[in-house]
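What the coordinates show
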Amino acid sequence: MRVDVAIIGAGPVGLFAAFQAGMLGMKSCVVDALDCIGGQCSALYPEKPIYDIPGYPNIQAAELVYNLKEQASRFDPEYLLSRQVNSLSKDGDLFRLSTSKGDVIEAKIVLIAAGAGSFGPNRPPLKGIEKYEGKSVFYLVGKREELAGKRITIAGGGDSAIDWAISLSSIAKVTLVHRRAKFRAADASVKELYRLSEEGKINLVINYQLSALEGDADHLEKIVVSDLDGNEKVIDTDILLPFFGLKQNLGPINDFGLDIEQNYLKVKQPNYETNVPGIYAVGDVAKYEGKLKLILTGFAEVSSALHHSYSRVFDGKALHFEYSTSKIN
Ligand code: FAD
């Protein structure tokens, strides 16, 4: 396959890149290791509302992904799913990418929107947890309504733990366990959490950690939590949702010859080019001073990177900036 832009990663940022490439007259393909588009939005929180996408007071992650695909569809990008980009090399003026399914893609530029790389959840080190995974222990919430009426224990102190505690408290009996009194989440969400706790809608168990699981062969019945002094509490639980963040692993991207700092690709501002001219990194994977890991930041990075790449893609031709209304009727 030969394209102008090869986009690695079909998360929200990669999807917006397919649209932006089309706007600039570039043919793109988007490759993702997952079997669906949407990256973290689809894999980790499809039903969670997002409040900080400009123009949408509140949009579910899955709906945002749908809209991004719809927005790009007028340019017909090629999606290659369920395959990892395993290698990237330079062949004359073109980049050559190969995937785990044997595809070879030649591209004039490469946009890496690989997020956290091949991601997976951090699992709590609890004896026997594997036997409950997929039955009583889940690292992401697929269908929120399936949890209605359950006794749910959520563990963690970040945005996912708090957002889900708030969201599920209206349909289930929720306990939130966190090892310290400080949360790493948006102030507004933390306030809401305390408000619901005061109203008795969320049971907050602070300064305790998960220490053991009890149940029959298949299903969880109780969770034991303990504090630093060894005091224990037992929480009746049908479902445990541990939200301890993602394991970040760039996998094969580590071998692409790019400058890497702690699992992130270092880029230059304002164009988000890596140390290799023609290879850009955008979205969560891109690192520079003051980086904010937000979807809207990734969208802006995409526009800057693709505008910068224009003359490389079109053999030195200068880009005359236009608003979208001048391009699309
Ligand atoms: P990702 O969404 O991580 O997508 C990267 C994709 O690249 C993945 O699908 C992965 O499979 C693929 N990939 C990686 N390596 C390869 C490879 N070698 N070959 C092929 N494919 C590859 N942000 C907000 O702005 N607002 C919020 O409210 C918000 N809430 C959040 C809640 C939770 C629970 C979490 C976990 C995150 C939240 N975020 C939020 C952060 C937001 O999801 C990320 O900033 C966003 O997903 C980054 O998008 P991305 O496209 O850069 O990367």
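Right above here is the structure, for reference.
These figures come from a predicted structure and were not determined experimentally.

Within the protein chain, the regular secondary structure consists of 8 helices and 21 strands. For the protein chain, whose C-alpha radius of gyration is 22 Å, the value lies close to the compact-globule estimate of 20 Å for 329 residues. On the principal axes, the C-alpha backbone points of the protein chain span a range of 70 × 40 × 35 Å. Partitioning the contacts of the protein chain with sequence separation of at least 6, the portion at a separation of at least 24 is 57%. Total accessible area on the protein chain is roughly 16,000 Å²; 48% of this is exposed by carbon and sulfur atoms.

What follows covers the nonpolar core. Membership of the largest hydrophobic core comes to 66 residues, with the highest contact counts inside it found for Ile 50, Leu 97, Leu 111, Ile 112 and Leu 306. Counting residues per element, this core draws most heavily on helix α1 (residues 12–23), which supplies 8 residues. Counting residues in each nonpolar core, the second largest holds 23 residues, with Ala 161, Ile 166, Phe 183 and Phe 243 among its members.

As for its position among the elements, Ala 61 is in helix α3 (residues 61–73). Taking C-alpha positions, Ala 61 is 6.2 Å from Pro 49, a pair spaced 12 residues apart along the chain. With residues near it in sequence (within four places) discarded, Ala 61 still touches Cys 41, Tyr 45, Pro 46, Lys 48 and Ile 50.

Further remarks concern a positive patch on the surface. There is a patch of like positive charges on the surface, built from Arg 179, Arg 180, Lys 182 and Arg 184. For Arg 179, the position within the fold is in the loop between β11 (173–178) and α6 (187–198). For Arg 179, a relative accessible area of 48% corresponds to the partly exposed category.

Between its first and last C-alpha atoms α3 spans 18 Å; for 13 residues at 1.5 Å apiece the expected length is 18 Å, and the two agree. Listed in full, the buried residues belonging to α3 are Ala 61, Leu 64, Val 65, Leu 68 and Ala 72. Considered in projection along α3, the buried side chains sweep an arc of 100 degrees and stay on one side of the axis. At its buried positions, α3 is contacted by α1, α2 (39–43), β3 (49–50), β4 (59–60), β5 (78–80) and α7 (295–313).

Our focus in this paragraph is the pairing of strand β12 (residues 202–206). Two elements, β11 and β12, share 5 bridges in a ladder whose sense is parallel. Its bridge partner lying in β12, Val 177 is registered against Val 205. Handedness of the crossover joining β11 and β12 through α6 is recorded here as right-handed.

Another point: the sheet that holds β12. As summarised here, the arrangement of the 4 strands in space is β12-β11-β10-β16, forming an open sheet in which the pairing is parallel. The outermost strands of the open sheet, each flanked by one partner alone, are β12 and β16 (239–242). When the angles between neighbouring strand axes are averaged without regard to direction, this sheet yields 20 degrees. Relative to β16, strand β10 (residues 151–155) runs parallel, the two being bridged by 4 bridges. Bridging from a neighbouring strand, Ile 152 pairs with Ile 239 of β16. Here α6 sits on the sheet in contact with β11 and β12, set at roughly 110 degrees to β12.

Another aspect to go through is the packing of α1 against α7. Viewed as axis vectors pointing N to C, α1 and α7 meet at an angle of 35 degrees, and their least axial separation amounts to 9 Å. Helix-helix and strand crossings are classified by hand; for α1 and α7 the assignment is right-handed. Taken together, the residues of α7 that come into contact with α1 (itself represented by Pro 12, Val 13, Phe 16, Ala 17, Gln 20 and Ala 21) are Ile 295, Gly 298, Phe 299, Val 302, Ser 303, Leu 306 and His 307. Looking at side-chain class alone, the contact of α1 with α7 contains 9 nonpolar, 4 polar and no charged residues.

Right, let's get into the site of the ligand. Around the ligand sit 33 residues, and of these Asp 32, Gln 40, Tyr 45, Val 85 and Asp 284 come closest. Side-chain polar atom of Lys 48 to an oxygen atom of the ligand: 3.3 Å apart, as the coordinates give it. The fraction of the free accessible surface of the ligand (1,000 Å²) that becomes covered by protein chains is 92%. Of all the secondary-structure elements, those providing two or more residues to the shell around the ligand are α1 and α2. The element best represented in the shell around the ligand is α1, accounting for 3 residues.

On to the packing of α1 against α3, then. Look at α1 against α3: their axes get within 8 Å of each other, and the N-to-C directions meet at 20 degrees. One element, α1, and the other, α3, form an angle in the roughly parallel class. For the pair α1 and α3, the sense of crossing is left-handed. Contacts between α1 and α3 involve Pro 12, Leu 15, Phe 16, Ala 18 and Phe 19 from the first element and Val 65, Leu 68, Gln 71 and Ala 72 from the second. For the contact of α1 with α3, the residue count by class is 8 nonpolar, 1 polar and no charged.

Definitions and limits used
- Residues numbered from 1 in each chain as written.
- Predicted model: local features only at pLDDT ≥ 70, side-chain atom pairs only at ≥ 80, totals over all residues.
- Heavy atoms only, no water.
- Helix = DSSP H or I, 4+ residues; strand = E, 2+ residues; numbered from the N terminus.
- Rg over C-alpha atoms; globule rule 2.2 N^0.38 Å.
- Contact = heavy atoms within 4.5 Å.
- Areas by Shrake-Rupley, 256 points an atom, 1.4 Å probe, with all protein chains shown as cover.
- Core = buried A, V, L, I, M, F, W, Y, C linked by side-chain atoms within 4.5 Å.
- Buried < 20%, exposed > 50% of the residue type's maximum accessible area, 1.4 Å probe, protein only.
- Patch = residues over 30% accessible without salt bridge, like charges linked within 9 Å, V, L, I, M, F, W, Y side chains within 5 Å.
- Salt bridge = Lys/Arg side-chain N within 4 Å of Asp/Glu carboxyl O.
- Lys, Arg positive; Asp, Glu negative; His and termini not counted.
- Charge placed at Lys NZ, Arg CZ, Asp CG, Glu CD.
- Expected span 1.5 Å × (residues − 1).
- Arc of directions from axis to C-beta.
- Pairing = 2+ DSSP bridges.
- Right-handed = clockwise from strand over helix to strand, strands pointing away.
- Axes fitted to C-alpha atoms, helices over the stretch in contact; angles between N-to-C directions.
- Left-handed = near helix turned anticlockwise from the far one by under 90°.
- Nonpolar A, V, L, I, M, F, W, Y, C, P; charged D, E, K, R; others polar.
- Near = heavy atom within 4 Å.
- Polar contact = N/O pair within 3.5 Å; in protein donor to acceptor, adjacent residues only side chain to side chain.
- Parallel < 35°, antiparallel > 145°, perpendicular 65-115°, else oblique.

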